[in-house]
Every structure is written in C-alpha cells, then in structure tokens.
Amino acid sequence: MTVKDLARDLGMSVSTVSRAFYPDAVIAAETRKTVLERAAEIGYRPNPFAQSLITKKTQIVGMVVSDLTNPFYPEVMADLTGLLQGAGMNVMLAAANQADKTDEAVELLLTYQPDMVIVLATNLDSHAREKCESAGAPCIFFNRLSADGAGFGISCDNVEGGRLAADHLIDRGHRHLVYVSAFPGASTNVERQRGFCERAVERGLPAPQVIEAGFFTYHAGYAAGLASADLPGPIDGVFCANDIVAIGFIEGVQEGRGLRVPDDLSVIGFDNIDMAGWPSHRLTTVAQPLSEMMEATVTLARDLATDRQLEPRVMRLTPGDLVVRNTTRDRTADPEE
C-alpha cells in the first residue's frame, strides 16, 4: 500500500494526503482526520525513509551506551525511550561492549543519519563528538558530561549530592569518612567526590580517605570493600560513587572482613536504582532527579529538532532526596572513641 493508493482511494491528491502525516503541515483538520482514519483502516503506514528524503530528518535519535552492567542505565533507557517515542522520535541503540569501542559504535550509528545523539554512560571523546556534529547530529550528554565540557548536557548536581551524603553522615556522628571512587575520568565520579570531600573539610573533619574502585560495577565495589582493610586508622562512614558500587562494597566488607553494616560502619550510595530498595539491600542513597532529567532531555531534543542553531549548554538539576534506609545509623549516642 503506497501513498498513491491511499490518495486514489480517497479521491485526493498525493500532496494533500502526504501533508496529513506531518503534524506541522498546513491542512484542514477534517481532511487530516479523514486521511488518518482511512489509512488506519486499510493499513497504510508512511515510509519514514521516504519522508526523510523530503524533510532531511530521519526522526531517529541515536543512543550510545557502553555500560549496560550498571542497572541505572537500562532503567533510564527504558523510560527515556518511551518518552522520546511519545514525542514522535525513534530510538536506535548503539552499544559498545568496551569503552574503547565507542568510536566504532558511533561510526555505525551515523550511517543511519540520526537527527541527534544521546550519550549515556560513556566518555565520548571530542573527536567522536565533533564527528557527530559535523554529520548534523548534535550530542546530548545524559548524566555524564563531555570530557571537554562542550556540547549539550543534562545532569544532576553531583557536587550537591556529595555534600548531602557528607552532611547525613556527619550529622549522625560519623567522623572517619571514606569515598569509594569509580571511573576516575567520569564527571559524575569527579563531582560527587569533590562535593563529599569539600563538605567534610568545611565541617571541620580531615579530608576523607579515597579508595579507587576503578569502575562503576558490583565487582569493583566488592574489591574496594576488601581493600578498605589497607586504610590507616578506623572508618565509620562510607560514600560510594553509585549504588551498584555501594552494594558490592557492603558485601565485600561484610563477607571478606566480617564488618557489619550499619553497626560497624554506615554506607551511602548514589542513584536510587530499583535494586537499592530491595529487601536484601535497603541501601541509603542519594536519589537522582530522573523524571526531571529525562523530561529536560526530551524538551532539549525537541528544541534541537526544530533549531540546530541552539547554543550548547549544560543543565544541572537539584538532586532528589537522600533516601534513608538500613545501611546508615545514628552514632551520636555512641561513647566517645
């Protein structure tokens, strides 16, 4: 079934029928309704590739991701895809199994001429970003910002999130703090560490010790829990770069070192993934403002679809609540050490 068949069936011109499928096209409301209803009855669907030859737009949003092992990103991908589809855009996923394969994933994605690219969980280098932009596909960085600070970005205020974690522990009597760092170059990790450590010093404590986990994974967190035995002096409050690292850290210190959480030390994560609330974890965590971040991303995608001359900008949204569960406790009533 082609648009010519539909036009013949309706006794209309091909151009009139075609305009009915473009929301911004000038056409009488009753005519549009007639065309769309008849198209649904006989099973006609417009060919997006043919439309793209006319509009110079594919309605494809490329999504680049390199960390599908972190539960945060599959959750985001599912919800964000639904929102983009609701806005009339189609999502094409380019997954890089390894961080150093991101350029190859981007190259493959660009062969489908996406209108824009949303970057999740990967440090897209400036060369790859510039290649997207020169192909007419501006990049939107979600949660993790571009390493060179360029491009469009939607992020939580991770510095403020780190400060929230520090205040929670300090207000409850914790004095020997540790930050478990994940991917060193990731903006999320750098900013959360800065907010946590600076806030601790502002409140009169020594700078927190840092354990380098290396990755945003359960196994990295578990190894960090074991490595905490090598730190000089006691520890009683730990802030991890994200929830999955925190879950691994807790199991590392409990199974590998025999420490109890929260009796011996309190642990806080970041993100508030669904898993954090499971009865087996009940992790205290700083919640990401995900609904607001995704809505801002879709709004920006719509704006870019109509105006490619927008100036690049980064939007940092206020963190959600610090969700208190079972991995932190109040130590203010404990006897002085």
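Here, every reference points to the structure presented above.
These lines cover the structure that appears in this document, whether it is placed above or below. In this text the structure is predicted, and so the values were computed from the model without any measurement. For every chain, the first residue of the written sequence is number 1, and numbering continues from 1 along that sequence. Local features in this predicted model are restricted to residues of pLDDT 70 or higher, and side-chain atom pairs are both shown and tallied only at a pLDDT of 80 or more, whereas totals for entire chains, interfaces and linings draw on every residue. Heavy atoms throughout the structure, all of them, feed into the side-chain values; hydrogens and water do not.

**With respect to the pattern of salt bridges**
Convention followed: Any Lys or Arg side-chain nitrogen located within 4 Å of an Asp or Glu carboxyl oxygen qualifies as a salt bridge. A run of H or I in DSSP becomes a helix once it reaches four residues, and a run of E becomes a strand once it reaches two; helices and strands are each numbered from the N terminus. The classification of residues rests on relative accessible area computed with a 1.4 Å probe and restricted to protein chains. Under 20% of the type maximum is buried, over 50% is exposed, and intermediate values are partly exposed.
What the rule picks out here adds up to 17 salt bridges. For the salt bridge of D5 with R8, the shortest nitrogen-to-oxygen distance reads 3.1 Å. Residue D5 and its partner R8 are located together in helix α1 (residues 3–10), separated by three residues, close to a single helical turn. Accessibility expressed as a relative area gives 61% for R8, which makes it exposed. One salt bridge in this structure joins R163 and E202, with 3.1 Å as the shortest N-O distance. You can see R163 sitting in helix α8 (residues 158–171) and its partner E202 sitting in helix α9 (residues 187–202), a full 39 residues away along the chain. Using a relative accessible area of 49% as the deciding quantity, one classes E202 as partly exposed.

**Details of the sheet that holds strand β1 (residues 60–65)**
Heads up, the condition is: Paired strands are those between which DSSP finds at least two bridges. Orientation is described by axes fitted as lines to C-alpha atoms, over the contacting stretch for helices, and by angles from 0 to 180 degrees between their N-to-C directions. Any pair of residues with heavy atoms lying within 4.5 Å of one another is described as a contacting pair.
Spatially, the six strands line up as an open sheet ordered β2-β1-β3-β4-β5-β11, and their pairing is parallel. The sheet terminates laterally at β2 (90–95) and β11 (314–317), the two strands that pair on one side only. Between one strand and the next, the sheet's axes are offset by a mean angle of 20°, whatever the strand orientation. As paired elements, strand β5 (residues 152–156) and β11 share four bridges and run parallel to each other. Paired with G153 across the strands is V314, a residue of β11. Contacts from helix α5 (residues 72–86) reach β1, β2, β3 (116–120) and β4 (139–142) within the one sheet, and its direction differs from that of β1 by about 175°.

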